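# Structural features, examined
Each chain is listed here by its residues.
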Amino acid sequence: TNDGEFLIVGESYSFGNDYQVMMIKLDESGNQKWVKLVGGDHTERGRAIFLTAEGTALIAGEAFSDTLTRPNYFLAEMSMAGEVVLNKSFDHELAGGASAVSILKNDDILLLGDLQNEEDHSIDFGLIRVNRAGELLNQKRFGSINSDEANALVSHQDGGYLVAGTEYKDKINKTDVVVYKFDESDELEWKTFHGGLSADAGEKIIATSDGGSAVVGYTQSFGEGYKDVYVLKLTETGQLEWTQTFGGNSTDWGYDLFQTDDQGYLISCGSKSTGFNATDIWILKLDRNGQKIWDKVY
């Protein structure tokens, strides 16, 4: 947070009769300052957090409360003191839940998540746009004829936004990283796929300082092991600049990435190739061209 402390969002079944969204505030030394629960009488799960310029936190996730006909999108806003500023649920056209949240250039809030088709149980992308008062402005559903996984969202400097995830090419195991670019009116500008002949997935996308974007996930089509970390750099128009894979002879995958002041990248990963007993935390530092500078296992 802006005050040098930390916020954690998740879920808890320790209080009440069902899951509730759980927020924990830690000080800069990791000591717990407060715990807050948000939700109704039924299931609410926290999935994502976004810190606003005003110093509040937006929390997105899944809700199934008395006001909804099916599990759907949840949004809350909290102050750094733990006061709930906003607490709303949205009934999209299909069952689903939000996995990412961001604020656009015009100050609207965008929620990204999955929607499940009630007929064949396939998964589509779902978007909900609301204003800062939590009033619904627009909702979209998009994706392929097979299932898709909506994993990441980032606002763009032109007022639009980028969506990244995984698109299934068949009903078995062929998937690609997919990136969508929407304009400020929620209209699709371009869509691009990346991957090979096996399973490849996008987990997180960021806007880069040159107007482009970077994506991290995993690949089974390229690399050394069963599954490797997959990093992609795209131009402003979605053209591929470079890709890199990192991993050993087992399973490795990327969770998150961050652009550093030197225009390089920090990548957080999970790794089973490090020689320890099970899955380890693996941090990679790349330069601006995707070349590894250092790595560290925890």
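This structure is a prediction, so every number in the text was calculated from the model and none was measured. (Residues numbered from 1 in each chain as written. Predicted model: local features only at pLDDT ≥ 70, side-chain atom pairs only at ≥ 80, totals over all residues. Heavy atoms only, no water.)

## Considering unusual backbone geometry
As a reminder, the rule being used: Each helix is a run of H or I in the DSSP string that is no shorter than four residues. Each strand is a run of E no shorter than two, and both are numbered from the N terminus.
In this structure, D107 is a non-glycine residue whose phi angle is positive, near 80°. Of note in this structure, Q263 is not a glycine but carries a positive phi near 70°. Tracing the sequence through the fold places Q263 in the loop between β20 (252–259) and β21 (265–271).

## Section: the side chain of T175
The line we're drawing: When a residue's accessible area, from a 1.4 Å probe over protein chains only, is under 20% of the maximum for its type it is buried; when over 50% it is exposed; and in between it is partly exposed. Two N or O atoms form a polar contact when they lie within 3.5 Å of each other; inside protein one atom must be a possible hydrogen donor and the other a possible acceptor, and for residues adjacent in sequence the pair counts only when both atoms belong to side chains. Contact criterion: two residues are considered in contact whenever any of their non-hydrogen atoms come within 4.5 Å of each other.
Within the element layout of this structure, T175 appears in strand β14 (residues 175–182). Accessibility expressed as a relative area gives 4% for T175, which makes it buried. A polar side-chain atom of T175 sits 2.8 Å from the main-chain carbonyl oxygen of D200. Sequence-distant contacts of T175, that is, excluding residues within four places in its chain, are made with T166, E167, Y168, K169, S198, A199 and D200.

## Observations regarding the sheet that holds strand β15 (residues 188–194)
In plain terms, the rule: A pair of strands is treated as paired once DSSP finds two or more bridges between them. Between N-to-C directions, angles cover 0 to 180 degrees, with each direction set by a line fitted to C-alpha atoms, over the stretch in contact for helices.
If you trace the 4 strands from one edge of the open sheet to the other, you get β12-β13-β14-β15, paired in antiparallel fashion. Every interior strand has two partners, whereas the edge strands, β12 (148–155) and β15, have only one. Neighbour-to-neighbour, the strand axes of this sheet turn through a mean angle of 20°, independent of strand direction. Strand direction decides the pairing type here: β14 and β15, joined by 6 bridges, are antiparallel. Within β15, the position partnered with V179 by the bridge is T192.

## Comments concerning the pattern of salt bridges
Defined as follows: Here a salt bridge means any side-chain nitrogen of Lys or Arg lying within 4 Å of a carboxyl oxygen belonging to Asp or Glu.
All told, the structure shown has 20 salt bridges when counted by the stated rule. Between K174 and D176 there is a salt bridge; the shortest N-O distance is 2.6 Å. Taken individually, K174 and D176 each receive the classification buried, so the pair is uniform in this respect. If you follow the salt bridges from partner to partner, you end up with D3, E5, K25 and K33 in one network.

## Some points on the layout of surface pockets
Where empty space is left becomes clear once a probe the size of a water molecule has been rolled over the atoms. Threshold: Only protein atoms enter the 1 Å grid used here, on which a cavity is any set of points holding a 1.4 Å probe that cannot leave and a pocket is any open set flanked by protein within 12 Å on both sides along at least five of seven lines; residues with an atom within 4 Å of a point are listed as lining. Grid points are joined across faces, edges and corners, and a volume is the space filled by probe spheres set on the points. Residues were grouped as follows: Ala, Val, Leu, Ile, Met, Phe, Trp, Tyr, Cys and Pro as nonpolar; Asp, Glu, Lys and Arg as charged; and all remaining residues, including Gly, as polar.
There is about 840 Å³ of room inside the largest pocket. In terms of lining, the largest pocket is formed by 30 residues, of which the most central are K204, I205, I206, D256 and L257. Every element with two or more residues in the lining of the largest pocket is listed here: β4 (44–51), β8 (95–103), β12, β16 (200–207), β20 and β21. The class makeup of the residues in the lining of the largest pocket is 17 nonpolar, 9 polar and 4 charged. The computed volume of the second largest pocket comes to approximately 160 Å³. Forming the walls of the second largest pocket are R47, E62, G96, G97, A98, S99, G113, D114 and A150. Contributing elements (two or more residues each) for the lining of the second largest pocket: β8 and β9 (109–116). For the lining of the second largest pocket, a count of residues per class yields 2 nonpolar, 4 polar and 3 charged.

## Comments concerning the pairing of β12
Regular strands show a simple pattern: their side chains alternate between the two faces of the sheet. With 6 of its 8 residues buried, β12 lies for the most part within the structure. The pairing of β12 with strand β13 (residues 161–168) spans 7 bridges and is classified as antiparallel. Directly across from V154, in β13, lies its bridge partner L162. Joining the antiparallel neighbours β12 and β13 is a turn of 5 residues, in which G159 adopts a positive phi near 100°.

## Observations regarding the packing of aromatic side chains
What counts is decided by this rule: Here is the rule: rings of Phe, Tyr and Trp (six-membered ring for Trp) pair when centre to centre is within 6.5 Å. Planes less than 30 degrees apart are stacked, more than 60 are edge-to-face, and the remainder are tilted. For a lysine, the NZ atom is tested; for an arginine, the CZ atom; a charge sits over a ring if that atom is within 6 Å of the ring centre and within 35 degrees of the ring normal.
If you walk through the whole model with that rule in mind, you get 10 aromatic pairs. Ring plane angle 80° and centroid distance 6.1 Å describe the contact between W253 and Y255, whose orientation is recorded as edge-to-face. Its relative accessible area of 47% is what places Y255 among the partly exposed residues. Each member of the aromatic cluster is reached from another via a ring pair, and the members are F125, F142, Y161, Y180 and F182. The side chain of R45 reaches across the aromatic face of Y19, ending 4.2 Å from its centre. Positioned above the aromatic ring of Y218 is the side chain of K227, whose terminal nitrogen or guanidinium carbon lies 4.2 Å from the ring centre.

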